[in-house]
Amino acid sequence: MSEKEHKVSRRQFLSYCLMGVGGFMAAAAVTPMARFALDPALEAGGESDYVSVASVDDLTEEPKRFDFKVTVEDAWYESEQSRTAWIYREGNEIIALSPVCTHLGCTVNWDANEDHPNQFYCPCHHGRFEKSGKNIANTPPTRPLDVYDMEVRDGTVYLGRTIQR
Amino acid sequence: MLQKIYDWIDERLDITPMWRDIADHEVPEHVNPAHHFSAFVYCFGGLTFFVTVIQILSGMFLTMYYVPDIIHAYESVYFLQNEVTHGVIVRGMHHWGASLVIVMMFLHTLRVFFTGSYKKPRELNWVVGVLIFFVMLGLGFTGYLLPWDMKAYFATVVGLEIAESAPVIGGFAKALLAGGEIIGAQTLTRFFAIHVFFLPGALLGLLGAHFYMIRKQGISGPL
Ligand code: HEM
Ligand code: FES
């Protein structure tokens, strides 16, 4: 490219300089604010604390409801909130299911509908799940109930956060 | 690309005359620092506006985390400063900008004073400028309470005592500003509302009037 074909007028050059400097200053001011606003979305998710919920001796083959308290840290609020788990044993295995319906978040109950015994039933839109938590075809939920992260120590069941399957 | 988008819109809406009318005008020699370096004093008005824009932007972002409640205000400020990424920077912009805007406004006022720019026909713009000055002081006063720490609280106690010392209406003025007898929950919500809605609204209106008059009357002549 020769000098001749590449003409930049004085006015153009100055306006590029102005746009460059102006753009830099605007970016310097706006970037921290944008990152500040995006923080909750970028920092989502944390580690889980385990809470003691049930004694292994109390568990049966039939899912039983256990309520427990967790400490929730919500920005500058710390509070106790209650959680529920449906826990049962199958041979040596222990399974703890979350009661939150995977359709739109209502609360499911075990064996709560006469027409559908031995299933988890959601009253909101008649969602149903098998004992294993598997969603039953042709009901609204599209994936199984979440399971709790679990640890068993000295005959006690400890639950952490829920895990999607 | 940008040119194409601009042309596409301009072809349909004819926007060129609109911005030309607002933005495209000669900068007289005596206010252009490229001609006389001392003309940089004419930049203070624009710099005041620049800092004001920063205040409004950073303030809008602060309200994403801040709560005007006496139990949680301090902790929400602590949280947004120390736990949220870049919180120190955003709060720092608002905190230091609040002082800087007063400095810039003062320098701008000095320029207007010493160039005699307040004289006929620009008296009204001086009046509007003084109103802007009071609105800025109001923003500083109400904003200062919001972190709800010791300094904030006692600064407001003193400020409201000053209001109370006014003859005749003093007691009424104090109760109105504090939202009652106690400097507490209602004072904080009131100051918050005044700080983020009422005064910025008034400020934008006054700035509009200020700039309209400048555009209409042009910048004042050389000394
Ligand atoms: C020219 C305009 C403004 C000035 C001079 C100003 C001044 C102040 C001051 C002095 C503080 C106390 C800051 C500290 O001690 O760190 C403050 C806090 C605050 N301001 Fe403003 N402000 C302005 C505009 C705004 C606007 C437009 C908003 C929101 C729309 C806003 C929202 C806030 C919030 C939420 C706080 C509390 C958070 C904190 O203390 O850091 N401000 N402001
Ligand atoms: S929320 Fe459970 S079926 Fe819709």
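Predicted, not measured: the structure shown is a model, and the values here were computed from it.

> How should the sheet that holds strand β5 (residues 109-110) of chain A be read in this particular structure?
As a general point, the strands of a sheet are linked pairwise by backbone hydrogen bonds and lie either parallel or antiparallel. In space, the 3 strands of this open sheet follow the order β5-β6-β7 (chain A), with antiparallel pairing throughout. Only two strands of the sheet have a single neighbouring strand rather than two, namely β5 and β7 (127-129) of chain A.

> Honestly, the UniProt feature "domain: Rieske" (unreviewed entry) in chain A in this entry has me stumped. Any pointers?
Residues annotated in UniProt with the feature "domain: Rieske" (unreviewed entry) correspond here to residues 89-159 of chain A. With 0% helix and 37% strand, the stretch residues 89-159 of chain A has end C-alpha atoms that lie 15 Å from each other.

> Just checking my understanding: could you explain the state of the cysteines for this structure?
Such a bond, covalent and formed between the sulfur atoms of two cysteines, is termed a disulfide. All names here are of chain A. Per the stated rule, a full pass over the model turns up 1 disulfide over all chains. The side chain of C106 participates in a disulfide bridge whose partner is C124; the two sulfur atoms lie 2.0 Å from each other. Its S-S torsion of approximately -95° makes the covalent link between C106 and C124 left-handed. Of this pair, C106 sits in the loop between β4 (93-97) and β5 while C124 sits in the loop between β6 (120-122) and β7, and the two are 18 residues apart along the sequence.

> Explanation requested: the pattern of salt bridges in the structure shown.
Think of it this way: side chains of opposite charge can pair up when their charged atoms draw near. All names here are of chain B. Per the counting criterion, the structure on display carries 8 salt bridges over all chains. Here E11 and R12 are joined by a salt bridge, their closest N and O atoms 3.7 Å apart. The exposure class of E11 is exposed, given its relative accessible area of 66%. For E164, the salt bridge is made with K174, and the minimal N-O distance between the two is 4.0 Å. Within this pair, whereas E164 is found in helix α7 (residues 150-164), its partner K174 is found in helix α8 (residues 170-178), the two being separated by 10 residues in sequence.

> Explain the interface of chain B and chain A to me, please; I cannot follow it from the model alone.
Facing the 22 residues of chain B at the interface are 14 residues of chain A. Of the roughly 1600 Å² buried between chain B and chain A on both sides combined, carbon and sulfur atoms contribute 80%. Contact with chain A buries area across many residues of chain B, yet F61, Y65 and T85 of chain B alone supply 31% of it, more than any other trio. Summed over the shared surface of chain B and chain A, the result is 2 residue pairs in polar contact (both at pLDDT 80 or more). Secondary-structure elements contributing two or more residues to the side of chain B that touches chain A are α3 (44-62), α4 (73-82) and α5 (87-114) of chain B.

> Where do I start with the site of ligand 1 in this structure?
Residues and elements named next belong to chain B. In the vicinity of ligand 1 there are 21 residues, among which R91, H94, H95, P147 and H195 approach most closely. Here a nitrogen atom of ligand 1 and a side-chain polar atom of H94 are 2.8 Å apart. One of the side-chain nitrogen or oxygen atoms of H95 is found 2.7 Å away from an oxygen atom of ligand 1. Its residues assigned to classes, the shell around ligand 1 shows 12 nonpolar, 8 polar and 1 charged.

> Looking at this model, I keep getting lost on the coordination of the iron atom of ligand 1. Mind explaining?
Each pair of donors in an ideal four-coordinate tetrahedral metal site encloses 109.5 degrees, whereas pairs in an ideal six-coordinate octahedral site enclose 90 or 180 degrees. Residue and element names in this part refer to chain B. Around the iron atom of ligand 1, the donor atoms from the protein are H94 (NE2) and H195 (NE2), and they sit 1.9 to 2.0 Å away. Of note is the iron atom of ligand 1, whose 6 donor atoms meet at the metal with angles of 87 to 180° in an arrangement that counts as octahedral. Here H94 is found in helix α5, whereas its partner H195 is found in helix α9 (residues 185-217), with 101 residues between them in sequence. The residues H94 and H195 share a single accessibility class, namely buried.

> What exactly am I supposed to notice about the packing of helix α1 (residues 10-42) of chain A against α5 of chain B here?
Any two packed helices are characterised by the angle at which their axes cross and by the distance between the axes. Packing of α1 of chain A against α5 of chain B brings their axes to within 8 Å, and their N-to-C directions diverge by 125°. Overall, the two elements α1 of chain A and α5 of chain B adopt an arrangement that is oblique. Seen from above, α1 of chain A lies across α5 of chain B with left-handed handedness. Contact with α1 of chain A, carried on its side by A29, P32, M33 and F36 of chain A, involves G87, I89, V90 and M93 of chain B of α5 of chain B and no other residues of that element.

About the thresholds
- Residues numbered from 1 in each chain as written.
- Chains lettered and ligands numbered in written order.
- Predicted model: local features only at pLDDT ≥ 70, side-chain atom pairs only at ≥ 80, totals over all residues.
- Heavy atoms only, no water.
- Pairing = 2+ DSSP bridges.
- Helix = DSSP H or I, 4+ residues; strand = E, 2+ residues; numbered from the N terminus.
- UniProt positions renumbered as here; feature names shortened; annotations may be inferred.
- Disulfide = S-S within 2.5 Å.
- Salt bridge = Lys/Arg side-chain N within 4 Å of Asp/Glu carboxyl O.
- Buried < 20%, exposed > 50% of the residue type's maximum accessible area, 1.4 Å probe, protein only.
- Contact = heavy atoms within 4.5 Å.
- Buried area = accessible area lost by both parts, 1.4 Å probe.
- Polar contact = N/O pair within 3.5 Å; in protein donor to acceptor, adjacent residues only side chain to side chain.
- Near = heavy atom within 4 Å.
- Nonpolar A, V, L, I, M, F, W, Y, C, P; charged D, E, K, R; others polar.
- Donors = N, O, S within 2.8 Å, 3.2 Å for Na, K, Ca; no water.
- Tetrahedral: all angles 85-135°; square planar, octahedral: opposite > 155°, others 65-115°.
- Axes fitted to C-alpha atoms, helices over the stretch in contact; angles between N-to-C directions.
- Parallel < 35°, antiparallel > 145°, perpendicular 65-115°, else oblique.
- Left-handed = near helix turned anticlockwise from the far one by under 90°.

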